[in-house]
Amino acid sequence: MHLQKERARQEATRAQGLRYVVEHLDGLHYTQFEYAVRDLLRRDGCQDAEQVGRGGDQGADVKATDPFGRRWVIQCKHRRDGWSGSAVGTPDLQRLNGTGRQIHNGDIIVMLTNGRFSKQAPSFAKSQRLHLVDRHLLALWASGSRPLWELLRPVPPPRRPTSPP
């Protein structure tokens, strides 16, 4: 019992200090990238964050509930070449938009990449209340500056009154 508590304490300490540089994320396999995103959400207080991406994932790679009760659905697009890789475009956003709220019951739907988005992606995302996290925003978040919900444009209000951890 004592050993379990000690492991849990060590894991919580590790999670709070978790930081990534975006160049490190570039070198990950796309599945490892999804786990890194999950770990960043856990660092920020989303205790139930889980990596769910696999074939047939219906547009969700990571799902979590933030300390305010909001359900997050994140689709990750890893680009080995980072900013130089192919842009994430509106077809990917359309797929996410079709499943994020309806199938995954998300309050906050995010397309996240270590690369960039096409020129059309921001206007489509805004019109559909989707959030985009590109390489620059990912670098800021991964460096541990603030939780993702503080870095995005306005997100839905909390589902339940609570204080973040």
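Residues numbered from 1 in each chain as written. Predicted model: local features only at pLDDT ≥ 70, side-chain atom pairs only at ≥ 80, totals over all residues. Heavy atoms only, no water.

1. Describing the overall build of the protein chain
Now for step 1: Secondary structure assignment for the protein chain yields 7 helices and 5 strands.
Now for step 2: The 165 residues of the protein chain split such that 52% are buried.
Now for step 3: Put simply, of all contacts in the protein chain between residues at least 6 apart along the chain, 60% involve residues at least 24 apart.
Now for step 4: Within the structure as shown, the protein chain displays about 8,800 Å² of accessible surface, and the carbon and sulfur contribution to it stands at 50%. (Helix = DSSP H or I, 4+ residues; strand = E, 2+ residues; numbered from the N terminus. Buried < 20%, exposed > 50% of the residue type's maximum accessible area, 1.4 Å probe, protein only. Contact = heavy atoms within 4.5 Å. Areas by Shrake-Rupley, 256 points an atom, 1.4 Å probe, with all protein chains shown as cover.)

2. Digging into the nonpolar core
What tends to happen in soluble globular proteins is that the nonpolar side chains get buried as a cluster.
Now for step 1: Of all hydrophobic cores here, the largest spans 30 residues; its most connected members are Leu41, Ile74, Leu112 and Trp141.
Now for step 2: When contributions to this core are tallied by element, the ones reaching two or more residues are helix H2 (22–26), helix H3 (30–43), strand S2 (62–65), strand S3 (71–77), strand S4 (108–113), helix H6 (135–142) and helix H7 (148–151).
Now for step 3: Residue contributions to this core peak at 5 residues, all from H3.
Now for step 4: Dropping the residues within four chain positions of it, Leu41 is found in contact with Cys46, Ala49, Val62, Ala64, Ile74 and Trp141.
Now for step 5: Counting 13 residues, the second-largest nonpolar core is a separate cluster that includes Val73, Val88, Leu96 and Phe117. (Core = buried A, V, L, I, M, F, W, Y, C linked by side-chain atoms within 4.5 Å.)

3. Describing H3
Each full turn of the α-helix corresponds to 3.6 residues, which orients residues three or four apart in the same direction.
Now for step 1: Under the 1.5 Å per step criterion, the end-to-end length of H3 is 20 Å for 14 residues, consistent within 8% with the ideal 20 Å.
Now for step 2: Phi for Gly45, located one or two positions after H3, is positive at around 105°. (Expected span 1.5 Å × (residues − 1).)

4. Brief notes about the packing of aromatic side chains
Now for step 1: All chains considered together, the criterion is met by 2 aromatic pairs.
Now for step 2: The interplanar angle of 90° and the centroid separation of 6.2 Å between the aromatic rings of Phe68 and Trp149 together place this pair among those described as edge-to-face. Highlighted residues: Phe68 in the loop between S2 and S3 and Trp149 in helix H7, separated in sequence by 81 residues.
Now for step 3: Phe68 gets classed as buried once you look at its relative accessible area, which sits at 14%.
Now for step 4: Residue Trp149 is classed as buried on the basis of its relative accessible area, which comes to 9%.
Now for step 5: With centroids separated by 6.0 Å and ring planes inclined at 55°, the aromatic side chains of Trp72 and Trp149 adopt a geometry described as tilted. (Phe/Tyr/Trp six-rings, centres within 6.5 Å; stacked < 30°, edge-to-face > 60°.)

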